[in-house]
Each structure stands twice: as C-alpha cells, then as structure tokens.
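# Report on the structure
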Amino acid sequence: MLKKVGVYAKKDHPDAERIAIDICRRFRRDGIEVLLEDSLAEQIGQINGYSGEEIPRLVDLIIVLGGGRHADFRRAAGRRAEYPDCRRQSRPPRVSHRDYP
C-alpha cells in the first residue's frame, strides 16, 4: 500500500507550484504523506522540506515535475535501487500535467 510519496520539481518551472500543491492536496486527502524536496517546499510555502538525497529511501513513489531533472532522478532512482524491495519493473506510463484538470 502506498504510504509516502516524494516530489521533485524543476526549479522555477511555471506550472510546478500549482501542480505540487494539487498533488499534496490529493495525496494527503487519501492519507498519504507527501515529502517535498527542500527547494520545492520553500517555493510553495511548506515548512518541512527534505534533501533530494534523503527522499528516495523514505518513500514508496517518486514524482518528478517539469522535467530537466533527469540526472537528479537517475541518481535518486539509483539510491532507491539499493533496497531489496525496489526491483526494475516494466517502464511506467509517462504522465503529463496536461492529464490533470
């Protein structure tokens, strides 16, 4: 069961703030904890942010907003892969912010 979600975003991406707020609202409404990267937390006025390096070991799912952070995501995914419950599965579907109202 999904308990914690980590969210990364491209700094200064025009839609990242709005989408991050919506993601937080939707997941928290369902009782799922959302961990935001430090810079994103600051950008949307959240008090508690997490370093990008610590999020992968704390969450069940990682969401990356705005692209342009592929290297960071690959590093995070590599750290997450150190844990035995994280095995490479088939490629997940690509989701765009345009998929959400």
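Residues numbered from 1 in each chain as written. Predicted model: local features only at pLDDT ≥ 70, side-chain atom pairs only at ≥ 80, totals over all residues. Heavy atoms only, no water.

### What to know about the overall build of the protein
- Helices and strands together make up the secondary structure of the protein, namely 4 helices and 3 strands.
- Mapped from its N terminus to its C terminus, the protein presents α and β elements in the order β-α-β-α-α-β-α.
- Per-residue burial for the protein yields a buried fraction of 30% across its 101 residues.
- Of all intrachain contacts in the protein linking residues separated by at least 6 positions in sequence, the fraction that spans at least 24 positions is 68%.
- Summing over all exposed atoms, the protein offers an accessible surface of approximately 7,300 Å²; the carbon and sulfur share of this is 49%. (Helix = DSSP H or I, 4+ residues; strand = E, 2+ residues; numbered from the N terminus. Buried < 20%, exposed > 50% of the residue type's maximum accessible area, 1.4 Å probe, protein only. Contact = heavy atoms within 4.5 Å. Areas by Shrake-Rupley, 256 points an atom, 1.4 Å probe, with all protein chains shown as cover.)

### So, the side chain of aspartate 22
- Of note, aspartate 22 is situated in helix α1 (residues 16–29).
- A distance of 2.8 Å separates the side chain of aspartate 22 from the side chain of arginine 26, its partner in a polar contact. (Polar contact = N/O pair within 3.5 Å; in protein donor to acceptor, adjacent residues only side chain to side chain.)

### Side note on the sheet that holds strand β3 (residues 61–65)
- Strand order in this open sheet of 3 strands is β2-β1-β3, and the pairing throughout is parallel. Since the sheet does not close on itself, it has two edges, and those belong to β2 (33–36) and β3, each with one partner. Neighbour-to-neighbour, the strand axes of the sheet open up by a mean angle of 25 degrees, direction not taken into account.
- Across 5 bridges, the pairing between strand β1 (residues 4–9) and β3 is parallel. Within the sheet, the bridge partner assigned to valine 5 lies in β3 and is leucine 61. (Pairing = 2+ DSSP bridges. Axes fitted to C-alpha atoms, helices over the stretch in contact; angles between N-to-C directions.)

### Describing α1
- With 14 residues, α1 should reach 20 Å at 1.5 Å per residue; the first-to-last C-alpha distance of 20 Å fits that figure.
- Along α1, the positions that sit buried rather than exposed are Ala16, Ile19, Ala20, Asp22, Ile23, Cys24 and Phe27.
- In this structure, the buried residues of α1 make contact with β1, β2, α2 (38–43) and β3.
- Positive phi shows up at glycine 31, right after α1, with a value of about 80 degrees. (Expected span 1.5 Å × (residues − 1).)

All we've got here are geometric facts, nothing functional implied.
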